[in-house]
Amino acid sequence: MAARKRAEEKLEAERARLEAMREFERQYDLCTYICGVDEAGRGPLAGPVAAGAVILPKECEILYLNDSKKLSEKRREELFVEIQEKALSFSVGLCDAQRIDEINILQATYEAMRKAIAGLKFVPEVLLNDAVIIPELEISQVKIIKGDAKSVSIAAASVLAKVTRDHMMQEYDKQYPEYGFAAHKGYGTAAHIKALKEHGPCPIHRRSFIGKFVSER
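Residues numbered from 1 in each chain as written. Predicted model: local features only at pLDDT ≥ 70, side-chain atom pairs only at ≥ 80, totals over all residues. Heavy atoms only, no water.

Q: Could you clarify how one ought to interpret the packing of aromatic side chains in this entry?
A: The relative placement of two aromatic rings is captured by the distance of their centres and the angle of their planes. Going through the model one piece at a time under the given rule, you end up with two aromatic pairs. Measuring from centroid to centroid gives 4.5 Å for Tyr33 and Phe122, while their planes differ by 5 degrees, and the two rings are stacked. A residue pair is termed long-range when its members are at least 10 positions apart, and Tyr33 in the loop between helix H2 (23-26) and strand E1 (34-40) and Phe122 in the loop between helix H5 (105-118) and strand E4 (126-130) qualify at 89 residues. Seen from their ring centres, Tyr179 and Phe181 are 5.4 Å apart, and the 20 degrees between their planes marks the pair as stacked. Given the relative accessible area of 4%, Tyr179 is considered buried. Using a relative accessible area of 0% as the deciding quantity, one classes Phe181 as buried. Stacked on the ring of Phe209, the Lys or Arg Arg206 has its end atom at 5.0 Å from the ring centre. (Phe/Tyr/Trp six-rings, centres within 6.5 Å; stacked < 30°, edge-to-face > 60°. Helix = DSSP H or I, 4+ residues; strand = E, 2+ residues; numbered from the N terminus. Buried < 20%, exposed > 50% of the residue type's maximum accessible area, 1.4 Å probe, protein only. Lys NZ or Arg CZ within 6 Å of the ring centre and 35° of its normal.)

Q: Sorry, what's going on with the pattern of salt bridges here?
A: Side-chain pairs of opposite charge can arise where the charged atoms are in close proximity. A complete count under the given rule lists 18 salt bridges for this structure. The shortest N-O distance in the salt bridge between Glu19 and Arg26 comes to 2.8 Å. A residue is classified by how much of its surface remains accessible, and Glu19, at 36% relative accessible area, is partly exposed. According to the relative accessible area criterion, Arg26 is partly exposed, its value standing at 32%. Glu59 is the partner of Arg26 in a salt bridge, and the nearest nitrogen-oxygen pair spans 2.6 Å. With Arg26 in helix H2 and Glu59 in the loop between strand E2 (49-55) and helix H3 (73-86), the pair connects residues that are 33 residues apart, well separated along the chain. (Salt bridge = Lys/Arg side-chain N within 4 Å of Asp/Glu carboxyl O.)

Q: What exactly am I supposed to notice about the sheet that holds E2 here?
A: Pairing between sheet strands relies on hydrogen bonds along the backbone, with the strands arranged either parallel or antiparallel. Taking strand neighbours across the sheet as the criterion, the five strands line up as E3-E2-E1-E4-E5 in an open arrangement whose pairing is mixed. Two strands in the sheet have a free side with no partner beyond their single neighbour: strand E3 (89-95) and strand E5 (140-144). Taken pair by pair, the neighbouring strands of this sheet meet at an average axis angle of 20 degrees, ignoring direction. Inspection of the sheet shows E2 paired to E3 by seven bridges, in the antiparallel sense. Note that in E3 the partner of Val49 across the bridge is Cys95. Along the sheet, H5 contacts E1, E2, E3 and E4; its crossing angle with E3, the most-contacted strand, is approximately 150 degrees. Contacting E1, E2, E3, E4 and E5, helix H6 (residues 152-175) crosses the sheet at an angle of about 40 degrees to E1. (Pairing = 2+ DSSP bridges. Axes fitted to C-alpha atoms, helices over the stretch in contact; angles between N-to-C directions. Contact = heavy atoms within 4.5 Å.)

Q: Explain the packing of H3 against H6 here, please?
A: The angle between the axes and the distance between the axes are what describe a pair of packed helices. Contact geometry of H3 with H6 gives a least axis separation of 9 Å together with a crossing angle of 115 degrees. One finds that H3 runs roughly perpendicular with respect to H6. Read as a crossing pair, H3 and H6 show a hand that is left-handed. Residue-level inspection shows Glu73, Arg76, Glu77, Leu79, Phe80, Ile83 and Gln84 of H3 in contact with H6, the latter providing Ala156, Val159, Leu160, Lys162, Val163, Thr164, Asp166, His167 and Gln170. Across the contact of H3 with H6, the residue classes tally to seven nonpolar, four polar and five charged. (Parallel < 35°, antiparallel > 145°, perpendicular 65-115°, else oblique. Left-handed = near helix turned anticlockwise from the far one by under 90°. Nonpolar A, V, L, I, M, F, W, Y, C, P; charged D, E, K, R; others polar.)

Below you can see the structure in the form of structure tokens.
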């Protein structure tokens, strides 16, 4: 009985947390389509930057939804499936390493976000963005600092972007096994930097990011 009570209390607390995370969505209750937008992969030395865009049904319940960085890999994978099952529409936009080098990481992030939004089935009336205002869009936007921990829509976008990018890096690991992409996902870990110095850059490395570690070959 005690264990059951603890489980019920835990579930109640989780639902209360999610209720608080719906605050921003409720401010735009007159809108039919509210879209959360977030990115993953701005910091790594290799691989794409990914952006997620998600339109959830109003009052949609996805337990344990949170900033993707605060979730275990197992939880992210479970939520990745559930978000796609429950969302009214979702999309992920990408910019690869070459594009990042060409226009810089900030502009590539904006471009990936625009791609994600363009890939939705419906045109959102408002975008809830994690910490940015995206240029070249006519849709109303709301910049929310640490939005992936404050808005269910942004949190859902965060998970989609993160897991999509992680899956891509796992595939790249098969092509370039010497770098260990499956483990570090392209981030600048000691093991990654050591491999980079030993083998030089591969086609998915961001040349504009790796200059202090290795010279071009």
